[in-house]
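One letter stands for each residue in the lines below.
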Amino acid sequence: MSRHVVSFTVNGVPKRVELEARRTLADMLREDCGLTGTHLGCEHGVCGACTVLVDGEPVRSCLMFGVQAEGCAIRTIEGLAAPDGTLNVLQRAFRTHHGLQCGFCTPGFLMLATWLLERDERLDEAALRHAVSSNLCRCTGYQTILDAIRAAAQELDRWEDSAAGEARR
Amino acid sequence: MAAMKPAAFDYHAPATLAGALDLLRGEEARVLAGGQSLVPTMAFRMARPGILVDINRIPALAYAEKRDGALAIGALARHAWFETPRAGGPLGRLLAAVVRHVAHAPIRTRGTFCGSLAHADAASEWCATVLALGGRMRCASATGTREVAAEEWFQGVFTTALQPGEMLTEVRLPLLGPDWRYGFAEFSRRAGDFALAMAVAVLRVEGGVVRQARIALGGIGGTPVLAKEAALALIGAAPTDAVIATAAETAAACCDPQEDIHAPAEYRRDLVRAMTRRALRQALAA
Ligand SMILES: Cc1cc2nc3c(=O)[nH]c(=O)nc-3n(C[C@H](O)[C@H](O)[C@H](O)COP(=O)(O)OP(=O)(O)OC[C@H]3O[C@@H](n4cnc5c(N)ncnc54)[C@H](O)[C@@H]3O)c2cc1C
Ligand code: FES
Ligand code: FES
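Keep in mind that what you see is a predicted model, and the values were worked out from it rather than measured.

A.B. asks: Quick rundown of the sheet that holds strand β2 (residues 13-20) of chain A? Include the residues and the values.
C.D. replies: Residues and elements named next belong to chain A. In spatial order, the strands read β2-β1-β5-β3-β4; together these five strands make up an open sheet with mixed pairing. The open sheet is flanked by β2 and β4 (57-60), the only strands paired with a single partner. Each strand axis lies, on average, 40 degrees off the axis of its neighbour in the sheet, ignoring direction. Against the sheet, helix α1 (residues 25-32) contacts β1 (3-10), β2, β3 (51-54) and β5 (73-75), and its axis sits at roughly 110 degrees relative to β2. Relative to the sheet, helix α3 (residues 106-118) contacts β3, β4 and β5, its axis offset from that of β3 by approximately 40 degrees.

A.B. asks: Would you mind going over the interface of chain B and chain A in detail, with residue names and values included?
C.D. replies: Taken together, the contact between chain B and chain A spans 32 residues of the former and 29 residues of the latter. Of the roughly 2500 Å² buried where chain B meets chain A, counting both sides, 59% is carbon and sulfur surface. Three residues, B:Tyr11, B:Pro106 and B:Arg110, lead the burial of chain B against chain A; their summed loss comes to 22% of the area buried on that side. One can count two salt bridges joining chain B with chain A. As a salt-bridge pair, A:Asp27 and B:Lys5 come within 2.7 Å of each other at their nearest N and O atoms. The interface formed by chain B and chain A contains 11 residue pairs in polar contact (both at pLDDT 80 or more).

A.B. asks: Run through the pattern of salt bridges, naming residues and quoting values.
C.D. replies: Here the idea is simple: oppositely charged side chains can pair when their charged atoms come close. Within this structure, the stated rule accounts for 32 salt bridges over all chains. Across the pair A:Arg122 and A:Glu160 runs a salt bridge, and its minimum N-O distance is 2.7 Å. Here A:Arg122 is found in the loop between α3 and α4 (125-132), whereas its partner A:Glu160 is found in the loop between α5 (143-155) and α6 (163-168), with 38 residues between them in sequence. Among the residues examined, A:Glu160 registers a relative accessible area of 37% and is labelled partly exposed. Between B:Asp260 and B:Arg268 there is a salt bridge, with the nearest N and O atoms lying 3.1 Å from each other. Counted as one network, the salt bridges with shared partners bring together B:Glu65, B:Arg67, B:Asp68, B:Arg136, B:Arg138, B:Glu147, B:Glu170 and B:Arg172.

A.B. asks: Can you lay out unusual backbone geometry for me, pointing to particular residues and giving the numbers?
C.D. replies: A positive phi angle, close to 50 degrees, is found at A:Asn11, a residue other than glycine. Here A:Asn11 lies in the loop between β1 and β2. For A:Asn11, a relative accessible area of 26% corresponds to the partly exposed category. A positive phi angle, near 50 degrees, is found at B:Phe158, a position not held by glycine. By the secondary structure assignment, B:Phe158 is in the loop between β8 (154-156) and β9 (159-160).

A.B. asks: Explain the nonpolar core residue by residue, including any values.
C.D. replies: Residue and element names in this part refer to chain B. One finds Leu117 and Leu173 to be the most contacted residues of the largest nonpolar core, which totals 54 residues. The element contributing the most residues to this core is helix α6 (residues 125-133), with seven residues. Once residues within four sequence positions are removed from consideration, Leu117 is found in contact with Trp126, Cys127, Val130, Met137, Trp153, Phe154, Thr160, Leu168 and Val171.

A.B. asks: Let's hear about the layout of surface pockets: which residues, and what values?
C.D. replies: Looking at the second largest pocket, its volume works out to about 610 Å³. Residue lining of the second largest pocket: 21 residues in total, with A:Trp115, A:Arg119, A:Glu121, B:Ala80 and B:Glu83 positioned closest to the centre. Of all elements in the fold, only α3 and α4 of chain A together with α3 (89-99) and α4 (105-108) of chain B reach the threshold of two or more residues within the lining of the second largest pocket. With three residues, the single largest contributor to the lining of the second largest pocket is α4(A). Looking at the lining of the second largest pocket, its residues break down into nine nonpolar, three polar and nine charged.

A.B. asks: Break down the state of the cysteines for me, citing the residues and quoting the values.
C.D. replies: Residue and element names in this part refer to chain B. Under the definition given, this model contains zero disulfides over all chains. No disulfide involves Cys127; its sulfur sits 11 Å from that of Cys114, the nearest cysteine. Judged by its relative accessible area of 0%, Cys127 is buried.

A.B. asks: Requested: an account of the site of ligand 1, with residues and values cited.
C.D. replies: The environment of ligand 1 is formed by 32 residues, the closest being B:Val31, B:Ser37, B:Leu38, B:Thr112 and B:Glu125. Looking at the residues close to ligand 1, they fall on chains A and B. Between ligand 1 and B:Gly35 there is a distance of 2.7 Å, counted from an oxygen atom to a backbone nitrogen or oxygen. A distance of 2.7 Å separates a nitrogen atom of ligand 1 from a polar atom in the side chain of B:Glu125. Against a free-state accessible area of 960 Å², the protein chains account for coverage of 95% of ligand 1. Secondary structure elements with two or more residues in the shell around ligand 1: β2 (29-32), α5 (113-119) and β10 (167-174) of chain B. With four residues, α5(B) is the largest single contributor of residues to the shell around ligand 1. Among the residues making up the shell around ligand 1, the classes are represented as 15 nonpolar, 14 polar and three charged.

What counts as what
Residues numbered from 1 in each chain as written. Chains lettered and ligands numbered in written order. Predicted model: local features only at pLDDT ≥ 70, side-chain atom pairs only at ≥ 80, totals over all residues. Heavy atoms only, no water. Pairing = 2+ DSSP bridges. Helix = DSSP H or I, 4+ residues; strand = E, 2+ residues; numbered from the N terminus. Axes fitted to C-alpha atoms, helices over the stretch in contact; angles between N-to-C directions. Contact = heavy atoms within 4.5 Å. Buried area = accessible area lost by both parts, 1.4 Å probe. Salt bridge = Lys/Arg side-chain N within 4 Å of Asp/Glu carboxyl O. Polar contact = N/O pair within 3.5 Å; in protein donor to acceptor, adjacent residues only side chain to side chain. Buried < 20%, exposed > 50% of the residue type's maximum accessible area, 1.4 Å probe, protein only. Core = buried A, V, L, I, M, F, W, Y, C linked by side-chain atoms within 4.5 Å. 1 Å grid on protein atoms, 1.4 Å probe; cavity = no way out; pocket = protein on both sides within 12 Å on 5 of 7 lines; lining within 4 Å. Points joined across faces, edges and corners; volume = space filled by probe spheres on them. Nonpolar A, V, L, I, M, F, W, Y, C, P; charged D, E, K, R; others polar. Disulfide = S-S within 2.5 Å. Near = heavy atom within 4 Å. Areas by Shrake-Rupley, 256 points an atom, 1.4 Å probe, with all protein chains shown as cover.

In structure tokens:
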């Protein structure tokens, strides 16, 4: 039952936390850092609500232990809007396109989409659908989530029209 | 569902393989690789390891590269690495085609190739692929190392030839020359889910005739299995639609699919026929 001191950054802010080894990264963010924007749906890796970025890559924070975050740069939903609360392009697109209803799944989708939009490759319809299949939403039926991410990608000039994508739409 | 939290354990993150192997001598010790299978089982408390040996801080295990005429895959090679070919020729392309079916992007960033082999889920794409390719597993313990062939690796449901105290340090896959072809097909109910049935085929075609063939099936029983009779039906033949149909029929007839809450055995048998046919068609498409 070992205890550990972990140092890492969340949304650029350095943190130092003492915790039990069994504390998941999700619980560390929520309980020890007070960042409750990261949601826990299933706690066993299937729903994606808890998705955060660790060193730039999307991770299920319920499947990583907090102690494993030593030295890592973590990004969560709290880091997306500007400090004055102004929503970023992706968040605005979710609002415009009704990409959320109850909002429980939204932090996970936003972090997944943040990664999709920051990658080197441009996003196309096939890659978007393949990636978004990772997360569950019980409200929207997904189409509005796809619309929102597609619109954000277009606005940020990260979108690639593809024949395959047109056929599916 | 009630909140699910793992039972308490001691955590170690050694920086060297020797350090990890030393810790694994402890009876209650378990390797933590990507955590994408172990942590869920701990959350359900189906696993309660007393000691976790986290290998993520051992940089020497993070490789997937050509060594001695094979693709050597270290214990920290993540699934996502294989999305871009890690070997030239058909092998790299086969692994890149298969990895798209292994879970989802945020799981592929952490989950490891060797972790899949150690966990040995019957529906693991990597397990069926390693069996089809005739890969070799390198196991190390504090007292020595040994190699196990794929045919001897899978011993039962979530059970491999790995012994207590051992770590799977590397999987070696034979490189495939330019005259090798491959195909992969699986059926799952939702994208990224574990498959109800899958087929991996690797074949060498020379002068319009199949010279070598290996077909592995996954998702249908406790372990992946080789469809030896189906492969035999191809050898020496020109790969026509009729020959492919016969091989697929043979694979379905000779396998022993199991029934579970997801599908009855006969449905799985139908899927084996369809997946084998698809994999072979892919492999043999001009
Ligand atoms: C939602 C979800 C969907 C998934 N879908 C799929 C899928 O479609 N197909 C698929 O194949 N997998 C799937 N997985 C599982 C995933 O691929 C895991 O990454 C993989 O099964 C295990 O790899 P890991 O590195 O995460 O291992 P871990 O979870 O860290 O370990 C798993 C087990 O193997 C042992 N172990 C790990 N590495 C070693 C080693 N080097 N030596 C000795 N023992 C070791 C551990 O002690 C543990 O018992 C899914 C997982 C989730 C959460
Ligand atoms: S809470 Fe982590 S995937 Fe569901
Ligand atoms: S908006 Fe309710 S679960 Fe997605």
